[in-house]
Amino acid sequence: MTDLYFEDIIGRYFNLNLKKDNYRIYVEEAGQGTPLLCLHTAGSDGRQFRHILNDKRITNNYRVIVFDLPWHGKSNPPEGYELKDYKLTTNLYKEIIMSFCKQYKLIDPVIMGCSMGGRVVLHLALEHCDYFRAVIALEGSDKLEPYYDLDWLHRPDVHGGLVQAAFVSSQIAPQSPNNFKHETLWHYMQGGPGVFKGDLYFYWHDGDFDDRSNLIDTSKCPVYLLSGEYDCSCTPERTLETAKRIKGSKAIIIPGIGHFPMSENPDLFKTYIYPILDEIIK
Amino acid sequence: MLSIENWINNINSNKRLIENGRWLNITFTFGIGEKDYLFEILSGNVLSINEREILTQSGTFKIYGQKDSWNKHWLKVPPRDYHDIFAMLAKKIIYIDGDLTPFIQNLQYFKDLIASNRDMHD
């Protein structure tokens, strides 16, 4: 009989108050040291970061914190969600993150987001450069072009979970391990109705930032951009164009990986993120 | 690229693929360069793949691209932008027209069906 093995991750709930709404938020964390707040992609949840939370090479120096956005994963939507469609605006997204940081009393945190999380951290680098120690945008750019009609994601004659997974499977590299590919897709199959669509309102429309990204002061808040070769959403070209606009930012294109580096191929991703995390706390 | 006969065999011998398409009865058009092929599907099984001979023979939707593009898609490890039909659509390497509802309703099935022309042998 083998001993029961627990991962290092601790998961808890807390209540986040934002304006008139109360959100029951699920948050996981592991490690100690500099806070590293991680933001999941559109239509998914914090499970994408389990390999970061479980990595002692990282958690020896960082307190890794991952929360599910309201409407996602194990975080509830606010009361009355049934009365309107979910739509993530830039302001709501920023307010949720900053309220989380304030109520969680994070001091001098590093923030790392993927996809729409990679977009919003650029907004935060501009507006809160004195608060964040550094921002890391995974598959993040300041501008994207939509390439399919979002209405397909939320209609009764199309299975939301299956179509979401089928759409985003195009963004995973063929070299990524099959088990991690399908784990990443599973998260998409479990999203609530209309949530992925509501997130993409921010990612493809409301969150455009290419007219202001050049105002980010990287001497106050360093910006790192990492994107996968096979990402057909936030392509390497989009990432490099963004990096050109953000003077002093550092951009890396990771060969043989797609839009979900931390969950589709964690071992490969870590070889790129370790040096960045080391540099930030050096 | 496999022969049409081997492509049909690859599809119909893939039990998981057939299960995923079990609600699907449709004919769609698949274009390779100047040639169009009609895929007749019954309960997820491909009954036939025939070259389109007259224009009144038509599928519910058509997905099409150049031969070189499809050949890259069917490489054992496709290059970026060619690795998935939606990546190819995003890059405007291939195109799609017609009634897309059954295509989107069964998106992963159609992705896997088209990708199954990939020759995985060394």
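Use the structure listed above.
Below is a short write-up of the structure. Because the structure is predicted, anything quoted here is derived from the model rather than measured. (Residues numbered from 1 in each chain as written. Chains lettered and ligands numbered in written order. Predicted model: local features only at pLDDT ≥ 70, side-chain atom pairs only at ≥ 80, totals over all residues. Heavy atoms only, no water.)

## A few points about the overall build of chain B
A count of helices and strands for chain B gives 6 helices and 5 strands. In sequence order, chain B lays out its α and β elements as α-α-β-β-β-β-α-α-β-α-α. A globule of 122 residues ought to have a C-alpha radius of gyration of about 14 Å, and chain B, at 13 Å, matches this closely. With respect to the three principal axes, the spread of C-alpha positions in chain B is 30 × 30 × 25 Å. Looking at chain B as a whole, 49% of its 122 residues are labelled buried. For chain B, long-range pairs separated by at least 24 residues make up 58% of all intrachain contacts whose partners lie at least 6 apart in sequence. Total accessible area computed for chain B in this model is approximately 6400 Å², and 48% of it derives from carbon and sulfur atoms. Counting 14 positive and 15 negative side-chain charges, chain B places the centres of these two groups 6 Å from one another. (Helix = DSSP H or I, 4+ residues; strand = E, 2+ residues; numbered from the N terminus. Rg over C-alpha atoms; globule rule 2.2 N^0.38 Å. Buried < 20%, exposed > 50% of the residue type's maximum accessible area, 1.4 Å probe, protein only. Contact = heavy atoms within 4.5 Å. Areas by Shrake-Rupley, 256 points an atom, 1.4 Å probe, with all protein chains shown as cover. Lys, Arg positive; Asp, Glu negative; His and termini not counted. Charge placed at Lys NZ, Arg CZ, Asp CG, Glu CD.)

## What to know about a nonpolar patch on the surface
Together, L162, W186 and M189 of chain A give the surface a local cluster of nonpolar side chains, amounting to about 310 Å² of exposed area. For L162 of chain A, the position within the fold is in helix α5 (residues 160-168). (Patch = residues over 30% accessible without salt bridge, like charges linked within 9 Å, V, L, I, M, F, W, Y side chains within 5 Å. Salt bridge = Lys/Arg side-chain N within 4 Å of Asp/Glu carboxyl O.)

## A closer look at the pairing of strand β5 (residues 110-114) of chain A
Residue and element names in this part refer to chain A. The buried fraction of β5 amounts to 5 of the 5 residues, a majority that puts the element mostly inside the structure. Here β5 shows a buried face lined by V110, M112 and C114 and a second buried face lined by I111 and G113. Relative to β5, strand β3 (residues 34-39) runs parallel, the two being bridged by 4 bridges. Considered in β5, the bridge of L37 is made with I111. (Pairing = 2+ DSSP bridges.)

## Considerations on the nonpolar core
The tendency in soluble globular proteins is for nonpolar side chains to be buried as a group. Within the largest apolar cluster, 101 residues are counted, with the highest numbers of intra-cluster contacts made by L37, F100 and Y148 of chain A together with F30, I63, W70 and F103 of chain B. Counting residues per element, this core draws most heavily on helix α3 (residues 90-103) of chain A, which supplies 7 residues. Contact partners of F100 of chain A, with chain neighbours within four places excluded, come to F14, L16, V27, L37, I65, F67 and L106 of chain A. (Core = buried A, V, L, I, M, F, W, Y, C linked by side-chain atoms within 4.5 Å.)

## Section: the sheet that holds strand β7 (residues 223-228) of chain A
All names here are of chain A. What the 8 strands build is an open sheet, ordered β1-β2-β4-β3-β5-β6-β7-β8; its pairing is mixed. Whereas interior strands pair on both sides, the edge strands pair on one side only; in this sheet they are β1 (10-18) and β8 (250-254). Taking each pair of neighbouring strands and ignoring which way they run, the sheet shows an average axis angle of 20 degrees. Sheet analysis places strand β2 (residues 21-30) next to strand β4 (residues 62-67), joined by 4 bridges and oriented antiparallel. Each bridged residue has a counterpart across the sheet, and for A30 the counterpart in β4 is V64. On the sheet, α3 packs against β1, β2, β3, β4 and β5 and is oriented at approximately 115 degrees with respect to β1. (Axes fitted to C-alpha atoms, helices over the stretch in contact; angles between N-to-C directions.)

## Observations regarding the packing of aromatic side chains
According to the stated counting rule, one finds 33 aromatic pairs over all chains in the structure shown. With a centroid separation of 5.1 Å and an interplanar angle of 75 degrees, the aromatic rings of W7 of chain B and F39 of chain B are classed as edge-to-face. Here W7 of chain B, found in helix α1 (residues 4-12), pairs with F39 of chain B, found in strand β2 (residues 35-42); they are 32 residues apart in sequence, far enough to count as distant. You'll find W7 of chain B and F39 of chain B in the same group, each marked buried. When the ring of F61 of chain B is compared with that of F110 of chain B, the centres are 5.2 Å apart and the planes differ by 90 degrees; the resulting orientation is edge-to-face. Of the two residues, F61 of chain B sits in strand β4 (residues 61-65) while F110 of chain B sits in helix α6 (residues 107-115), which places them 49 residues apart along the sequence. Judged by relative accessible area, which is 2%, F61 of chain B ranks as buried. For the cation-ring pair, K74 of chain A lies above Y26 of chain A, with the distance from its terminal atom to the ring centre recorded as 4.7 Å. Its guanidinium or amino end placed over the ring of Y64 of chain B, K62 of chain B lies 4.7 Å from that ring's centre, counting from NZ or CZ. (Phe/Tyr/Trp six-rings, centres within 6.5 Å; stacked < 30°, edge-to-face > 60°. Lys NZ or Arg CZ within 6 Å of the ring centre and 35° of its normal.)

## Remarks on the sheet that holds strand β1 (residues 25-32) of chain B
Residue and element names in this part refer to chain B. Strands sit in the order β3-β2-β1-β4-β5 across an open sheet of 5 strands; the sheet is mixed. The open sheet has two free edges, formed respectively by β3 (45-51) and β5 (94-98), since each of these has just one partner strand. Neighbour-to-neighbour, the strand axes of this sheet turn through a mean angle of 20 degrees, independent of strand direction. Here β2 runs beside β3; their pairing, made up of 6 bridges, is antiparallel. The residue of β3 that forms the bridge with E40 is S48. Lying on the sheet, α1 is in contact with β1, β2 and β3; it crosses β3 at an angle near 160 degrees.

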